[in-house]
Structure formats: C-alpha cells, structure tokens
Amino acid sequence: MSDRHFDELATRFAEKIYGGAKGAIRLAVLQADLAEILPPRPLRVLDIGAGLGHMSLWLAQQGHAVTLAEPAEPMLQGARQQFADAGQQATFIQAPWQEVEARVDGRFDLVICHAVLEWLAEPQAILPVLHRLTAADGWLSLAFYNRDALIYRNLLKGHFKKLRSQTYAGERQSLTPQQPLDPRELAAQLAPHWQVEFSSGVRVFHDYMPADFQARTEPADLIEMELAYRRHPTFAGLGRYLHWLCRPR
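Residues numbered from 1 in each chain as written. Predicted model: local features only at pLDDT ≥ 70, side-chain atom pairs only at ≥ 80, totals over all residues. Heavy atoms only, no water.

Visitor: Even after reading the chapter, I still don't get unusual backbone geometry, so can you show me in this structure?
Guide: For residues besides glycine, phi is generally negative; the peptide bonds are generally trans as well. You will see that A115, though not glycine, has its phi angle at about 55°, which is positive. Relative to the helices and strands, A115 is located in the loop between β4 (108-114) and α6 (127-133). The buried category is assigned to A115, whose relative accessible area is 15%. Here the phi dihedral of R203 falls at roughly 65°; this positive angle occurs in a residue that is not glycine. With respect to the helices and strands, R203 occurs in the loop between β6 (194-202) and α10 (211-215). A residue is classified by how much of its surface remains accessible, and R203, at 6% relative accessible area, is buried. (Helix = DSSP H or I, 4+ residues; strand = E, 2+ residues; numbered from the N terminus. Buried < 20%, exposed > 50% of the residue type's maximum accessible area, 1.4 Å probe, protein only.)

What follows is the structure in structure tokens.
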C-alpha cells in the first residue's frame, strides 16, 4: 500500500468535504481549538497536506505567516486561488511529506497535520518529521480519522461481517480513508516525543443522526452543539475525527 494523493479527485474531494455541514463542523471545531491556545502574536505556521488551504487561509487572516505543503497539484492550485481571492499571502510548496523538511527553513511555531495520517501507508513514519519541524515551545495540531468512530458506526448499521473481518479501510478509489487510526496505538507512538495537551472530537454526533434529522436541523445549531460537546468525556471519543493539540517533550 502506498500513500494516497488526490490529483484526480481534487474537485470531488472539495465538494464532499467542504460543501456541507460536515466540512463546516470540522472547520469550526479545529478553529475553536486553535483559537484557545495560539498566542496573540504572528506565528510561523506549516500546514502539511494542506489540501485546499481552508485552515491555512483562516490562520493567514489572523496575521500568521503560513507555508502550505501539498503533494497534489490541483489541490495546491485550489489553495492558491483561495488565497488570491481573499487577498492573502502564503508560501506554497508542492511536495509530499517526505520532502517537506528539505524544502523549508528552521522550525515552526505551529505545525498542522490534518486528515493526513489516515491516507499514509505507514502513518507512524511521519511522526519524527513532525517533531523535527516543530519548535521546542511550539504546537502540533494533529487531526485524524478515528477508528473507534468507524467501528461504532458499523455496529449501529449491523455490519457485523465487516467488524469480524476488521476490514475498515475504504475502497482505493473512494474518499473513505484507507487507514483509520486506533487512538490508543497512536497515543503510544506519540508518547516518547509529544504530550497531548488537549483533545476534541470532530463530529461527535452529526454523523450518527438519522438523515432526516440532519436535513431539518439548522447548520448553526449543529455547529453550536458540536462545539459544546466536543470535549465531553463520553462523547468526544466518538468523533469521526479526533483533534489533538500536542507539545514537544
């Protein structure tokens, strides 16, 4: 299995992820978490696997100096267009994560790695690189596809055959991540070099709602409740994604 990039599916990816409530909730939770911890001064920010640049654009609008690294040219071009439309500046690097370290200078106050690990053949291999790129007093913002949530959703659907065989990966040409992560395994891999300071669930209830309930609920209400319950001790671990804010040890 190799790392997955999105050259041929960039437009579909954009529509699927950011065209509705799922994307709006995801951005709201990530932004709320970061707003709590970032100091009120300009930071050097590196966004690895930046995609269409939604998070980077928000950070640039807060006055931070942002570098976007993305291997897929159509995705990076979409990010460039978003920044141009918003009148914002950034540094854009077309490169997979394995090449980023050689293409940037020094360490960063904030390193973003959102929805990347689940598309990698060997997710743990990126962790030392993230550590080397993060300043000693900096932050890592790590968001990943939660295996526990996928298991729970399959339980609710009665997909017991899939659970018995433990086949959780999506089809190669689908937009379901190929490598959902077990939070306990990832925590053990992080532990030698990172301290997880804050953890939030992203979409802790939305994806479990019946479709008709989703359709008649106001997006603003969904976001309000997702933000309210993102760190609830019972519900946070059910988030379709988990967002961990980490400090280097």
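Visitor: How do you make sense of the packing of helix α3 (residues 54-61) against helix α4 (residues 73-86) when you look at a structure like this?
Guide: A pair of packed helices is captured by two measures, namely the crossing angle of their axes and the spacing between those axes. Relative orientation of the contacting elements α3 and α4 amounts to 30°, with a least axis distance of 10 Å. In terms of their interaxial angle, α3 and α4 are classed as roughly parallel. Pair α3 / α4 crosses with right-handed handedness. Facing α3, whose interface residues are H54, S56, L57, A60 and Q61, α4 presents Q82, F83 and A86. (Axes fitted to C-alpha atoms, helices over the stretch in contact; angles between N-to-C directions. Parallel < 35°, antiparallel > 145°, perpendicular 65-115°, else oblique. Left-handed = near helix turned anticlockwise from the far one by under 90°. Contact = heavy atoms within 4.5 Å.)

Visitor: Whenever I open this one, the pairing of strand β2 (residues 65-69) confuses me. Can you help?
Guide: Moving residue by residue along a regular strand, the side chains alternate between the two faces of the sheet. Burial analysis of β2 places 4 of its 5 residues in the buried class, the great majority of the element. By the bridge criterion, 5 bridges tie strand β1 (residues 44-48) to β2 in an arrangement that is parallel. In the sheet register, L46 faces β2, and the bridge partner there is T67. Read from β1 through α3 to β2, the crossover connection turns out right-handed. Pairing analysis gives 3 bridges linking β2 to strand β3 (residues 91-93), with the strands arranged parallel. The residue bridging A69 from the neighbouring strand is I93, located in β3. Crossover connection from β2 via α4 to parallel β3: handedness right-handed. (Pairing = 2+ DSSP bridges. Right-handed = clockwise from strand over helix to strand, strands pointing away.)

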